[in-house]
Amino acid sequence: MSEMKVEIEESWKEAMADEFHKPYFSKLVDFVKSEKKSYTIFPPGPKIFSAFRYTPIYKVKVVILGQDPYHGDGQAHGLCFSVQEGVPQPPSLKNIFKELNDDLNITPPRSGNLERWAQQGVLLLNTTLTVRKGQPASHAGQGWEVFTDEVIKTISRQLTGVVFILWGNHAKHKQQLIDTTKHFILSAPHPSPFSAYSGFFGCKHFSKTNEILQINGLEAINW
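Residues numbered from 1 in each chain as written. Predicted model: local features only at pLDDT ≥ 70, side-chain atom pairs only at ≥ 80, totals over all residues. Heavy atoms only, no water.

*Asks:* Please provide a residue-by-residue account of the layout of surface pockets, values included.
*Replies:* Volume-wise, the largest pocket comes out at about 500 Å³. Among the elements of the structure, β2 (62-66), α5 (91-104) and α8 (169-172) are those that each provide at least two residues to the lining of the largest pocket. Ranked by residues supplied to the lining of the largest pocket, first place goes to α8 with three residues. In the lining of the largest pocket, the residues fall into 14 nonpolar, 13 polar and one charged. (1 Å grid on protein atoms, 1.4 Å probe; cavity = no way out; pocket = protein on both sides within 12 Å on 5 of 7 lines; lining within 4 Å. Points joined across faces, edges and corners; volume = space filled by probe spheres on them. Helix = DSSP H or I, 4+ residues; strand = E, 2+ residues; numbered from the N terminus. Nonpolar A, V, L, I, M, F, W, Y, C, P; charged D, E, K, R; others polar.)

*Asks:* Please set out the pattern of salt bridges residue by residue, giving values where relevant.
*Replies:* Counted according to the given criterion, the structure contains eight salt bridges. Note that E10 is salt-bridged to K13, the shortest N-O span being 3.2 Å. Separated by three residues within a single helix, E10 and K13 lie in helix α1 (residues 10-15), roughly one turn from each other. Given the relative accessible area of 54%, E10 is considered exposed. The closest approach of N and O atoms between K22 and E19, which form a salt bridge, is 2.8 Å. In this structure E19 comes out as buried when scored by relative accessible area, which is 6%. When salt bridges with common partners are traced through the structure, they connect E150, K153 and R157 into a single cluster. (Salt bridge = Lys/Arg side-chain N within 4 Å of Asp/Glu carboxyl O. Buried < 20%, exposed > 50% of the residue type's maximum accessible area, 1.4 Å probe, protein only.)

Structure representation (structure tokens):
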């Protein structure tokens, strides 16, 4: 792990310690290192685990699940759907901001950087944490999903009252990993332009999330 120069917050190191020592994770590290010799890989090494750095496990109130990091120059920085400062917003993120505006009347921000959400307890988790430049899903099936499935199961097991936001079929398939007797699930089509009009727009997941949090005595997210 250190050879990938990853930065991961202490509570996650402790919670996921067993995973880092399993054979699949060693193979995954070797795979990413070998890929870096031949290809440009996103996000940059220190940002691969950004979701875990900004949102310690004990602060997780909401989980938003993505699939793959963005595969264009300068976009991905380890938070699903988020892009780095000064980078144009991809279509899915624009649609997320459009729904946020329709739901809570929040003016779409100029920046697509969602660190402010992560710092409030929103874990912005892609199920695959790296990708080759220009090749979506190029690092799928190499072990990341095993790790991130375990992250979801660990949250489900160790915490209570987390709101899981599942957009699109890929995310919805993760519902089986979540104990629905102690957590909340909001699901809708993906915010991509291909599916946003089939039920993502109008899902009101931002206001619904805050209602759930406040009913359970937690502070609402300042989206």
